[in-house]
Amino acid sequence: MARVHVIANQKGGVGKTTVTVNLAAVVADTLGGTADSSPVLGVSTDPQASMLEWAQRVGDELPFDFEQCHDNPTLLSKLREIKQYSHIFVDTPGSLEDESILQTVLTQADDVIVPLEPEPMSFSPATRSIQRVIEPSGVPWRVLLNNWDPRDGSGDLDQTRQFVAARRWPTFNTVIRHYKLHTRASAEGVTVVQYAKNRTALEARQDFFRLALEVLGSRGQGPRHSTDVNGVYTETGE
Ligand SMILES: Nc1ncnc2c1ncn2[C@@H]1O[C@H](COP(=O)(O)OP(=O)(O)O)[C@@H](O)[C@H]1O
Ligand SMILES: [Mg+2]
């Protein structure tokens, strides 16, 4: 059965689509597959369909299968039943109006990735999504700091880490850095695995490989996160 990874935050522009496409790409590229069967399915549930446009621009080079299904509630509520994939990565809408789509998708999720920009303006929308929608779903979730530009120094990153730690939010160790390559990728019709072979591209790609290790390594269980004050981790088992 496929493991369903949902990328969610009801604030737009935090990197949900960027993370969904590139994470699905590195996992599909690494796990391999044949010309007509991929182990990975990417799903867009966002009516704005920016992942669909990106996927269309990549065309045959897209390393994973793709479905746009914001208007297909039947499929949305049956993602877990799809048998032919090992991993399904689901992009979700960045708006409060489409909350019912997110609610439906969360019933299918094994884990949730919550992208957060290291920027105080994004804290309260993320808090709302986590407290009102993601945490109540009971699905293991983790915050992913995305779009940090090292040239700006570590001030905002440190402040964001403190904010996250104070709330005892589970967090990925990986931080996805800001690279122009990522910003341009959709318009240029490439994913992270098709970036040129130069040092900057390798660094940009490395963040997504690190993230993939963390996501796949957790086996869909709750992470060993900061609420776990004694360092004791109870296996929930599969
Ligand atoms: N790590 C990153 N580096 C560079 N640009 C990024 C990064 N993450 C997101 N972006 C850019 O920020 C904008 C919003 O990202 P997007 O993935 O569309 O967010 P969302 O899907 O949450 O609305 C896009 O222009 C995207 O290219
Ligand atoms: Mg998006």
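In this numbering scheme, every chain counts its residues from 1 along its sequence in written order. Here every chain gets a letter starting at A, and every ligand a number starting at 1, in the order they are written. Given that the model is predicted, a residue must reach a pLDDT of at least 70 before its local features are reported, and side-chain atom pairs must reach 80 or more before they are shown or counted; all residues, however, enter totals for whole chains, interfaces and linings.

Naming follows an unreviewed UniProt entry, where the protein appears as ParA family protein of Pseudonocardia nematodicida.

Q: Is there a simple way to think about the overall build of the protein in this case?
A: Helix numbers and strand numbers start at the N terminus; a helix is a DSSP run of H or I with at least 4 residues, a strand a run of E with at least 2. Check the secondary structure of the protein and you find 8 helices and 7 strands. As a reference, a globule follows 2.2 Å times the number of residues to the power 0.38, and the radius of gyration itself is taken over C-alpha atoms. Its C-alpha atoms give the protein a radius of gyration of 17 Å, near enough to 18 Å, the size a compact globule of 238 residues would have. For the protein, buried positions account for 41% of its 238 residues. Partitioning the contacts of the protein with sequence separation of at least 6, the portion at a separation of at least 24 is 80%. Each residue is classified by how many other C-beta atoms fall within 10 Å of its C-beta atom, where C-beta atoms are placed from the backbone; a count of 20 or more means buried, 12 or fewer means exposed, and values in between mean partly exposed. By definition, residue pairs are in contact when their C-beta atoms, positioned from the backbone, come within 7 Å.

Q: For this particular structure, what's the right way to read the packing of helix α1 (residues 16-31) against helix α8 (residues 199-217)?
A: Helix-helix packing is characterised by the crossing angle of the two axes and by the distance between the axes. Throughout, an axis means a line fitted to C-alpha atoms (over the contacting stretch in the case of helices), and angles, computed between N-to-C directions, take values from 0 to 180 degrees. At their nearest, the axes of α1 and α8 sit 9 Å apart, and the two run at 80 degrees to each other. With respect to α8, the element α1 is oriented roughly perpendicular. Two secondary-structure elements touch here, α1 through N22, L23, V26 and V27 and α8 through F208, F209, L211, A212, V215 and L216. Polarity classes work like this: nonpolar for Ala, Val, Leu, Ile, Met, Phe, Trp, Tyr, Cys and Pro, charged for Asp, Glu, Lys and Arg, and polar for all others, with Gly in that last group. Taken together, the residues of the contact of α1 with α8 break down into 9 nonpolar, 1 polar and no charged. Orientation is classified from the angle alone, with under 35 degrees giving roughly parallel, over 145 giving roughly antiparallel, 65 to 115 giving roughly perpendicular, and any other angle giving oblique.

Q: I'm lost on the environment of F66 in this one. Help?
A: Note on placement: F66 falls in strand β3 (residues 65-68). Residue F66 is classed as buried on the basis of its 20 C-beta neighbours within 10 Å. Between the C-alpha atom of F66 and that of W54, which follows or precedes it by 12 residues, the distance is 11 Å. Each residue touching F66, except ones within four places of it in the same chain, is listed here: G42 and A55.

Q: Is there a simple way to think about α8 in this case?
A: Since the α-helix packs 3.6 residues into each turn, any two residues three or four apart lie on the same face. End to end, α8 covers 26 Å across 19 residues, agreeing with the expected 27 Å (1.5 Å per residue, within 8%). Those residues of α8 not exposed but buried are A204, R205, D207, F208, L211, A212 and V215. Considering only its buried residues, α8 is in contact with β1 (3-7), α1, β5 (111-116), β6 (141-148), β7 (176-177) and α7 (180-188). Given a helix with a known number of residues, its expected span is that number minus one, times 1.5 Å.

Q: Got a minute to help me understand the site of ligand 1 in this structure?
A: Around ligand 1 there are 16 residues in total, and G15, K16, T17, T18 and H182 lie nearest to it. Elements represented by at least two residues in the shell around ligand 1 include exactly α1, β6 and α7. Among the elements that take part in the shell around ligand 1, α1 stands out by supplying 3 residues, more than any other. A class-by-class count of the residues in the shell around ligand 1 yields 3 nonpolar, 12 polar and 1 charged. Residues are classed as near a molecule or strand if the C-beta position derived from their backbone is within 6 Å of it.

Q: I'm lost on the packing of α1 against helix α2 (residues 50-58) in this one. Help?
A: Running from N to C, α1 and α2 cross one another at 40 degrees; their axes reach a closest spacing of 10 Å. By the angle class used here, α1 and α2 are oblique. Judged by the twist between their axes, the crossing of α1 over α2 is right-handed. Judged by residue contacts, T17, T20 and V21 of α1 engage S50, M51 and W54 from α2. Classifying every residue of the contact of α1 with α2 gives 3 nonpolar, 3 polar and no charged. The crossing is said to be left-handed when, going from far helix to near helix, the turn is anticlockwise and less than a right angle, and right-handed when the turn is clockwise.

Q: Looking at this structure, I do not really get unusual backbone geometry. What am I missing?
A: Both trends apply: most residues other than glycine have a negative phi, and most peptide bonds are in trans. In this structure, A49 takes a positive phi of about 55 degrees despite not being glycine. Here A49 is to be found in the loop between β2 (40-44) and α2. A positive phi angle, close to 55 degrees, is found at R168, a residue other than glycine.

Q: What should I look at first to understand the pairing of β5 in this one?
A: Along any regular strand the residues' side chains alternate between the sheet's two faces. By the criterion of burial, β5 is predominantly enclosed, with 5 of the 6 residues buried. By this definition, two strands are paired if DSSP reports at least two bridges between them. In this sheet, β5 lies alongside β1 in parallel orientation, the contact comprising 3 bridges. In the strand pairing of β5, H5 is matched with D111. Note: β5 against β6, 5 bridges, orientation parallel. When the bridges of β6 are listed, V112 appears paired with W141. A crossover connection joins β5 to the parallel β6 through helix α5 (residues 123-134); in handedness this β-α-β unit is right-handed. Whether a crossover is right-handed depends on one test, that the path from the first strand over the helix to the second runs clockwise when the strands point away from the viewer.

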